[in-house]
Amino acid sequence: MSDLSQNEWASQLESDSKSIILDVRTDTEVEEGMIPKAIHLDIHQGQTFISELEKLDKTNHYYVYCRSGARSGQACSIMKQLGFTASYNLLGGFNEWDGATIIPE
């Protein structure tokens with residue numbers, strides 16, 4: 001797991017052919033907007049969250065964010081315990097994100 005600044009996260013994500021974006025916020029937070037192409041898995045869903053993680057390819061590189069960076073850091077730690085090879089936490093989270101966003105349908 002690595003903590004990356006906004007610029008590092010965006011730059012590395014763009015050049016990474018194995019990148020997957022994970023949004024670990026709540027449904028209510030996601031309604032306010034999300035980073036394009038992100039997969040939403042609410043970390044507050046406990047075992048359901050872990051079960052959904054287990055379905056993912058552990059060899060991909062996961063770029064994880066939440067509202068402020070705390071929960072995404074926890075998610076990266078969980079992913080490491082589950083055997084994921086690469087996860088990157090977005091420092092400052094969605095609150096400080098200045099890249100593209102979408103409103104989910």
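Use the structure listed above.
The sections below set out a description of the structure shown in this document. The structure displayed is predicted, hence computed values, not measured ones.

## A look at the nonpolar core
Formed by 15 residues in total, the largest nonpolar core has its most connected members in W9, I21, I35, Y65, Y88, L90 and W97. Counting residues per element, the ones that place at least two in this core are α1 (6–15), β4 (61–65) and β5 (86–90). The element that contributes the greatest number of residues to this core is β5, accounting for three residues. Those residues in contact with I21 that sit more than four places away from it in its chain are W9, L13, I35, P36, K37, A38, I39, Y63 and Y65. If you look at the next biggest cluster of nonpolar residues, it comprises 14 residues, including Y62, C66, A75 and F84.

## So, the state of the cysteines
Working definition of a disulfide: a covalent bond connecting the sulfur atoms of two cysteines. A complete count under the given rule lists zero disulfides for this structure. C76 provides the cysteine sulfur closest to C66, a residue in no disulfide bond, and the two sulfurs are 9.4 Å apart.

About the thresholds
- Residues numbered from 1 in each chain as written.
- Predicted model: local features only at pLDDT ≥ 70, side-chain atom pairs only at ≥ 80, totals over all residues.
- Heavy atoms only, no water.
- Core = buried A, V, L, I, M, F, W, Y, C linked by side-chain atoms within 4.5 Å.
- Buried < 20%, exposed > 50% of the residue type's maximum accessible area, 1.4 Å probe, protein only.
- Helix = DSSP H or I, 4+ residues; strand = E, 2+ residues; numbered from the N terminus.
- Contact = heavy atoms within 4.5 Å.
- Disulfide = S-S within 2.5 Å.

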